[in-house]
Amino acid sequence: MIVLDPARLEAAMRRFAAIVGEDHVWRDDAARHGYKDAMAPRDAMSYAPRGAVAPANVEEVQAIVRVAGEMGIPLWPISRGKNFGYGGSAPRFGEVVMLDLVRMNRILEVNVEHGYVVLEPGVSFDDLYTYLVESRIPLWMSAAAHTWGSVLGNALERGVGYTPYGEHASKVCGLEVVTGTGELLRTGMGALDGARTWQMFPYGFGPSWDAAFMQSNFGIVTRMGLWLMPEPEHTLNLAMKFDRPEDLPLGVEALRPLKLDGTVQANPSFGNIIRNLAVRAPRSEYYQGTGPIPASVLDDARVRTGVGHWNFSIRLFGDKAINTINAEKVKRAFSALPYQFEVSEWNRGEPLRGSGSPTPSLAALGVVDWLGGPGGHLTFSPVSPFSGAEAWEQYTTIRGMYEDAGFDYYGGFTAGQRYLNHISMILFNRDDAEMTGRANALFSSLIETAARRGWGEYRTHTLFYDEVARTYGYNNGALRRWNETVKDAVDPHGIIAPGKMGIWPRAYREAQA
Ligand code: ADP
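What you see is a predicted model, and the numbers here were worked out from it, not measured in a lab.

### Describing the nonpolar core
One finds Phe16, Ile73, Leu128 and Met224 to be the most contacted residues of the largest nonpolar core, which totals 74 residues. Counting residues per element, this core draws most heavily on helix H3 (residues 58-71), at seven residues. If sequence neighbours within four positions are ignored, Ile73 has contacts with Leu4, Arg8, Leu9, Ala12, Phe16, Ala68, Val97 and Ile495. Listed in part, the 48 residues of the second largest apolar core include Leu236, Met401, Ala415 and Ile426.

### Re the environment of Asn57
With respect to the element layout, Asn57 can be found in the loop between strand E2 (51-53) and H3. Residue classification places Asn57 among the partly exposed positions, given a relative accessible area of 24%. Separated by 44 residues in the primary sequence, Asn57 and Leu101 have C-alpha atoms spaced 8.6 Å apart. Looking at Asn57, its side chain comes within polar contact range of the main-chain nitrogen of Glu60, at 2.9 Å.

### A look at the pairing of strand E13 (residues 269-272)
Burial of the side chains of E13 extends over both faces: Ser269 and Gly271 are buried on one face and Phe270 and Asn272 on the other. Bridging between E13 and strand E14 (residues 310-318) involves two bridges; their strand directions are antiparallel. Across the sheet, residue Asn272 finds its bridge partner in E14, namely Trp310.

### Brief notes about helix H9 (residues 320-333)
With 14 residues, H9 extends 20 Å from end C-alpha to end C-alpha; this agrees with the ideal 20 Å at 1.5 Å per step. Buried residues in H9 make contact with strand E12 (234-242), helix H6 (248-260) and E14.

### Focus on the pattern of salt bridges
Summed over the entire model, instances satisfying the criterion amount to 27 salt bridges. Ionic pairing is found between Arg453 and Glu393, a salt bridge with its closest N-O pair at 2.8 Å. Of this pair, Arg453 sits in the loop between helix H12 (433-452) and helix H13 (465-471) while Glu393 sits in helix H11 (residues 388-404); the two residues are 60 residues apart in sequence, bridging distant segments of the chain. Take Glu393: its relative accessible area is 37%, and that puts it in the partly exposed class. Each of the salt bridges in this network shares a partner with another, and the network as a whole consists of Arg480, Glu484, Asp488, Arg506 and Arg509.

### Describing the packing of helix H1 (residues 6-20) against H3
Contact geometry of H1 with H3 gives a least axis separation of 10 Å together with a crossing angle of 165°. If you check the angle between H1 and H3, you find them roughly antiparallel. Of the two elements, H1 crosses H3, and the hand of that crossing is right-handed. Residues Arg8, Ala11, Ala12, Arg15, Phe16, Ile19 and Val20 of H1 pack against Glu60, Ala63, Ile64, Val67, Ala68, Glu70 and Met71 of H3. Residue classes in the contact of H1 with H3 are distributed as ten nonpolar, no polar and four charged.

### Side note on unusual backbone geometry
Phi at Asn476 is positive, roughly 55°, even though this residue is not glycine. Tracing the chain through its elements places Asn476 in helix H14 (residues 474-490). The exposure class assigned to Asn476 is exposed, which follows from its relative accessible area of 63%.

### Quick word on the sheet that holds strand E3 (residues 75-78)
Taken in spatial order, the four strands make up an open sheet running E1-E2-E4-E3, and their pairing is mixed. The sheet is open, and its two edges are formed by strand E1 (25-26) and E3, each paired on a single side. As paired elements, E2 and strand E4 (residues 97-100) share three bridges and run parallel to each other. Across the sheet, residue Gly51 finds its bridge partner in E4, namely Val97. With respect to the sheet, H3 is in contact with E2, E3 and E4, its orientation differing from that of E3 by roughly 155°.

### A short note on the site of the ligand
Taken together, 21 residues lie around the ligand, and Ser79, Gly81, Ser150, Val221 and Lys500 are the ones closest in. Burial of the ligand by the protein chains amounts to 96% of its free accessible area of 550 Å². Within the residue set of the shell around the ligand, elements represented by two or more residues are E3, helix H5 (151-156) and strand E10 (220-227). The leading source of residues in the shell around the ligand is H5, at four residues. Among the residues making up the shell around the ligand, the classes are represented as eight nonpolar, nine polar and four charged.

### Let's talk about the packing of H6 against H11
The geometry of H6 relative to H11 is characterised by a closest axis approach of 8 Å and an angle of 140° between their N-to-C directions. As far as their axial angle goes, H11 and H6 are oblique. Crossing handedness for the pair H6 and H11: right-handed. Together, Leu248, Pro249, Val252 and Glu253 of H6 and Gly388, Ala391, Trp392 and Tyr395 of H11 make up the contact between the two elements. Partitioning the contact of H6 with H11 into residue classes produces six nonpolar, one polar and one charged.

### Description of H12
For H12, spanning 20 residues, the distance from its first C-alpha to its last is 29 Å, which sits close to the expected 28 Å at 1.5 Å a residue. When we look at burial in H12, the residues that qualify are Met435, Thr436, Ala439, Asn440, Leu442, Phe443, Leu446, Ile447, Thr449 and Ala450. Among the structural elements, strand E16 (375-380), H11, strand E19 (419-429) and H13 are those in contact with the buried residues of H12. With a side-chain oxygen lying 3.1 Å from the backbone nitrogen of Glu434, the N-terminal cap of H12 falls on Asp432. Just downstream of H12, Gly454 is the residue with a positive phi angle, here 85°.

### Some thoughts on the layout of surface pockets
Estimates place the volume of the second largest pocket at around 570 Å³. Looking at the second largest pocket, it is lined by 24 residues, and the ones nearest its centre are Arg158, Gln215, Leu479, Asn483 and Met501. If one sorts the elements of the lining of the second largest pocket by residue count, H14 sits on top with five residues. Split by residue class, the lining of the second largest pocket holds 15 nonpolar, five polar and four charged.

Rules used in this analysis
- Residues numbered from 1 in each chain as written.
- Predicted model: local features only at pLDDT ≥ 70, side-chain atom pairs only at ≥ 80, totals over all residues.
- Heavy atoms only, no water.
- Core = buried A, V, L, I, M, F, W, Y, C linked by side-chain atoms within 4.5 Å.
- Buried < 20%, exposed > 50% of the residue type's maximum accessible area, 1.4 Å probe, protein only.
- Helix = DSSP H or I, 4+ residues; strand = E, 2+ residues; numbered from the N terminus.
- Contact = heavy atoms within 4.5 Å.
- Polar contact = N/O pair within 3.5 Å; in protein donor to acceptor, adjacent residues only side chain to side chain.
- Pairing = 2+ DSSP bridges.
- Expected span 1.5 Å × (residues − 1).
- Salt bridge = Lys/Arg side-chain N within 4 Å of Asp/Glu carboxyl O.
- Axes fitted to C-alpha atoms, helices over the stretch in contact; angles between N-to-C directions.
- Parallel < 35°, antiparallel > 145°, perpendicular 65-115°, else oblique.
- Left-handed = near helix turned anticlockwise from the far one by under 90°.
- Nonpolar A, V, L, I, M, F, W, Y, C, P; charged D, E, K, R; others polar.
- Near = heavy atom within 4 Å.
- Areas by Shrake-Rupley, 256 points an atom, 1.4 Å probe, with all protein chains shown as cover.
- 1 Å grid on protein atoms, 1.4 Å probe; cavity = no way out; pocket = protein on both sides within 12 Å on 5 of 7 lines; lining within 4 Å.
- Points joined across faces, edges and corners; volume = space filled by probe spheres on them.

So far we have only geometry, and geometry alone does not tell us how the molecule works.
Here is the structure:
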């Protein structure tokens, strides 16, 4: 690993301070350690950067990048640093300076007529929600499970939400990017001076680059156009619980045609029993023993609390008349299952809570204290084919591995249009070295086992970038070599997030060789 020379770092930090002001540059231990992953084991597994700098605008970002390039100081950009389960605000390794974009938090434009927002990295889901509601703008955002994080950062990492616009990366339209040489680039139609359709036509002229800046280290995104959903007239929610684990395949099969033909536009998520118990109470309320909770105990808890073994809801968004027809279609599709839907509706004008519009919430973060706390988690995210049999195989394989390693399986399957995101979390006690060691070992074997079965992850924790990237090895790593070729060309000094997604600049590859 390339280690930063202290004198050079010191000189660079002084130059950064001259750009952003002394108050926005940090070298002290408290600040540095504040960037470590708040959900990771409390050992050297999560890295503290050497320092941090927080610019207020794009000109300052450009100036910082130019200094960093000249002095060979790698930068790790973050938007709000709330990417929990995947590394939070932590860099891949410690020999970097954080480029903290949280001060760039302007909502630059909301276009009601054309349904989009243009925003900066520091805007959180909470900020956007508040702005839309207080300004009475009839557009809905889609949000991650907790609303603390950055709208822009989450879309760049391909986060998912639960409205019809829940595949966030697919709603991005037009980026402004600072390149590795400090130049300013606009993607798509934004490259045309005075462009009138930057946030409307996502492709531009020639190659499209928006997607290349997602989950990547090819540039620093300073501005994003994102489509927002017009507020629907009506939403209709159909909630169902399954009593048995083995009902999952039938549920998946029932849902697939409805996603494929667009009857269901949002992304329903089949959450398992522990995912639902954990939001109610810590594990000790259900079981005091060690090792994974036995099936019989889980079943008692299911009966006692009224949660299902799988819990999911299908929410329809749109005109009431159409939702009513589609609800009948959904009910018919699930009629082979011995359960009833619980139906609830929302009409425009009623309070938003319960409508399907995400409202500010940090509740999702509480579950990490399942074991009593201070809790942490690692999120494992393979993609599954949208098939009952294949989802079942993936579920039983992965759940079995969790339980063999002594962990409860906390997970669920979130439906895309043609795939399922199988998201499970290894929940551990951050202070228990034995347990966190087991969690890390389990994670590595999950990556390896999944890859052998043809299941790749769609996203992973900073610590496992290289391991996951290696599984995408087709044709002697052709994709990795392609990424490296692009990286070396667009970031010639190798200063933007070295190692992100397993993509290392040339100097680091040579140092590792
Ligand atoms: P959030 O607060 O939405 O969870 P983060 O700020 O934690 O998002 O970002 C997650 C990861 O995405 C970062 O570690 C970084 O690799 C990448 N990232 C975030 N913002 C940017 C950006 N503006 N430009 C380039 N990469 C970014």
